[in-house]
Amino acid sequence: MHLSPLLMIWVPLETKHIVLIFALYFGRIFFITASYHRYFAHRSYKMGPRMELTMAILGMTSMQKGVLWWAANHRLHHKHSDFPDDVHSPKQHGFWWAHMGWILSKRHLDTEWDAIRDFARSPALRWLNVYHWVPGLALGTLCGVAFGAPGVVAMLMSTVLVFHGTFTINSLAHVIGRARYATADTSRNSLALALLTLGEGWHNNHHAYQSSCNQGFFWWEIDITYYLLRALEKLGLVRDLRMPPEHVLTRKLIGSGDLPSKPGISQRPNTG
Ligand SMILES: [Zn+2]
Ligand SMILES: [Zn+2]
């Protein structure tokens, strides 16, 4: 799939296909983030069973294996952050292992069922976890039917971009940026990564309080996934978005915590 840009020699892309690549990238980054990460791994908001299944299927279009496999491994990342049992710690196992080595390794082929017992009770989710390639294949077919060969190339190229967009949070977000909170790991906050991943770049915030639906804790921390989840809430599709309690915002701050002034933060927290 990484060689798919070479296909442009035979299949030239027009502006509409470049737009399609962007749409497939940001659309699927939203679903992997809102669905796999903030819902299935962290239960940071609620929704009904039909919406839950829809979000699982849309998350799977990113082709990052099954929803239960992904969420279970991510829970283990938080449980053992940057300690030897962390599945993808750049500190323990090096940058490239954290970025993509672990996902290609035979060591992590199976779903860690003990870490995802709550959602594993659903037969539909267990089925999707096995046939995880179906939604991605369906989306690729749809792109081919709608746009012909350039649609398939756009699908392949955007899928690679979605891989690396997601993987940067496991690798770069533990290396570059600033830490606001004294967590037991190397997580960092980065505006650049937050823009690329629709809000996931506020990774130090997230490690400091992983149950929060918003990862940008303050109004200036752009978190598009959170804004879109608020919009879905207005439509009645999701509910009970969890926010960081006031004391979490100031707990374990490192120095000034890069906040402009401490008294101001209680007036402007992004707590909905
Ligand atoms: Zn992390
Ligand atoms: Zn997380």
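Everything below is about the structure shown above.
Not measured: the values here are computed from a predicted model.

**Considerations on the overall build of the protein chain**
- The number of helices and strands found in the protein chain is 14 helices and 0 strands.
- Shown N-terminal to C-terminal, the secondary structure of the protein chain runs as helices and strands in the order α-α-α-α-α-α-α-α-α-α-α-α-α-α.
- Taken over the C-alpha trace, the protein chain has a radius of gyration of 19 Å; the compact-globule value for 272 residues is 19 Å, and the two agree within 12%.
- In terms of overall dimensions, the protein chain has a C-alpha envelope of 60 × 40 × 40 Å along the principal axes.
- Taken across its 272 residues, the protein chain has 43% of its residues classed as buried.

**What to know about the nonpolar core**
- Core analysis: the biggest nonpolar cluster contains 42 residues, and Tyr36, Val67, Ala71 and Ala154 have the highest contact counts within it.
- Mapped by element, the contributors of at least two residues to this core are α1 (15-41), α2 (49-60), α3 (67-79), α5 (95-104), α8 (134-147), α9 (149-170) and α12 (224-234).
- With residues up to four places along the chain from it excluded, the contact list for Tyr36 reads Ala41, Gly59, Val67, Trp70 and Ala71.
- Membership of the second largest hydrophobic core comes to 7 residues, among which are Ile169, Leu172, Ala173 and Leu193.

So, how was this worked out
- The residue count restarts for each chain, going from 1 along the sequence in the order it is written.
- Key to labels: chains lettered from A, ligands numbered from 1, both in the order written.
- Given that this is a predicted model, residues contribute local features only at a pLDDT of at least 70 and side-chain atom pairs are listed and counted only at 80 or more, while totals for whole chains, interfaces and linings are drawn from all residues.
- By the criteria applied, helices consist of DSSP H or I runs no shorter than four residues and strands consist of E runs no shorter than two, each listed in order from the N terminus.
- In this setup the radius of gyration rests on C-alpha atoms only. A globule is expected at 2.2 Å times the number of residues raised to 0.38.
- Counting other C-beta atoms within 10 Å of a residue's C-beta gives its exposure: the residue is buried at 20 or more, exposed at 12 or fewer, and partly exposed in between, where C-beta atoms are placed from the backbone.
- Structurally, a nonpolar core is described as a collection of buried Ala, Val, Leu, Ile, Met, Phe, Trp, Tyr and Cys residues joined by way of C-beta atoms within 7 Å.
- Contact between two residues is assigned when their C-beta atoms, built from the backbone, lie within 7 Å.

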